[in-house]
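The primary structure of each chain is shown beneath.
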Amino acid sequence: MTKSLLFVGVGGQGIILASKILTEGLVKFGFDVKMSEVHGMAQRGGSVTTQVRFGEKVYSPLIGEGEADVIVAFEKVEAARWIKYLKKGGTLVVNDYEIYPQSVLVGQEVYPDDVIQKLKENVENVVVFNAAEVAEKLGNIKAQNIVLLGALIKALGVENLDWESVIKENLPEKMHDINIKAIKEGMK
């Protein structure tokens, strides 16, 4: 059975790195995996999405509307923007974190304050936490992407795989300790 995952967020949040670590781990553990990434206006704080599909045999990385088993949103408004891709009964993992777009920063628009509530009203399976706070407590806010990856790994039920070795194989040695702690915290 093929699983479809959608990572969504804003440029600079480490979405592509988290997707690549997941993909490398799933391949290492025998799954057929396909990944597609869209950078958009990432350098200007724009949307970034990554689609990952894995299973016994996967023919395409592309996920249509209503087909994602899990969406991992690195920023909560991005969760609302991409929610139409989540299948009925799917799981939404949301980082309760705000990154204001330029239109909000210059006063043209207001950042919505009820995003999480609306998501919970419309999605059956929602996991919400502030990965940035978790990463800061570990010592590096930049590890929030790996905290979210850990939460996804738990949601997928593949936490028994050796993710520590995957971290070590895909990140510089100086980043091993913080990211191993981050992935373990996310799995909690």
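Note that residues are indexed from 1 along each chain, following the sequence as it is written. Local features are withheld for residues below a pLDDT of 70 in this predicted model, meaning they are given only at 70 or higher, and side-chain atom pairs are given and counted only at 80 or more; totals for whole chains, interfaces and linings count all residues. Working from all heavy atoms in the structure, the side-chain values ignore hydrogens and water.

### A closer look at the overall build of the chain
As a reminder of what qualifies: Helix and strand assignments follow DSSP, with helices taken as H or I runs no shorter than four residues and strands as E runs no shorter than two, numbered in order from the N terminus. Here the radius of gyration uses the C-alpha set of atoms, whereas the globule reference equals 2.2 Å times the residue count to the power 0.38. Only protein chains enter the accessibility calculation, which uses a 1.4 Å probe; a residue is then buried when its area is under 20% of its type maximum, exposed when over 50%, and partly exposed in between. By definition, residues are in contact when any of their heavy atoms lie within 4.5 Å. What sets the accessible areas is the Shrake-Rupley method with a 1.4 Å probe; for residues, cover comes only from the shown protein chains. This count recognises Lys and Arg as positive and Asp and Glu as negative, with His and chain-terminal groups excluded. To locate a charge, take atom NZ for lysine, CZ for arginine, CG for aspartate or CD for glutamate.
Counting its regular elements, the chain contains eight helices and six strands. The order of helices and strands in the chain, counted from the N terminus, is β-α-β-β-β-α-β-α-α-β-α-α-α-α. Expected size for 188 residues packed as a compact globule is a radius of gyration near 16 Å; at 16 Å, the chain falls within 12% of this value. Referenced to the eigenvectors of the C-alpha coordinate spread, the extents of the chain come out at roughly 50 × 35 × 30 Å. Considering the chain as a whole, with its 188 residues, one finds that 49% of them fall into the buried category. Here the analysis covers contacts within the chain between residues at least 6 apart in sequence; of these, 60% occur between residues at least 24 apart. Total accessible area on the chain stands at roughly 9,800 Å², and carbon and sulfur atoms take up 48% of it. Counting 22 positive and 25 negative side-chain charges, the chain places the averaged centre of each group 2 Å from the other.

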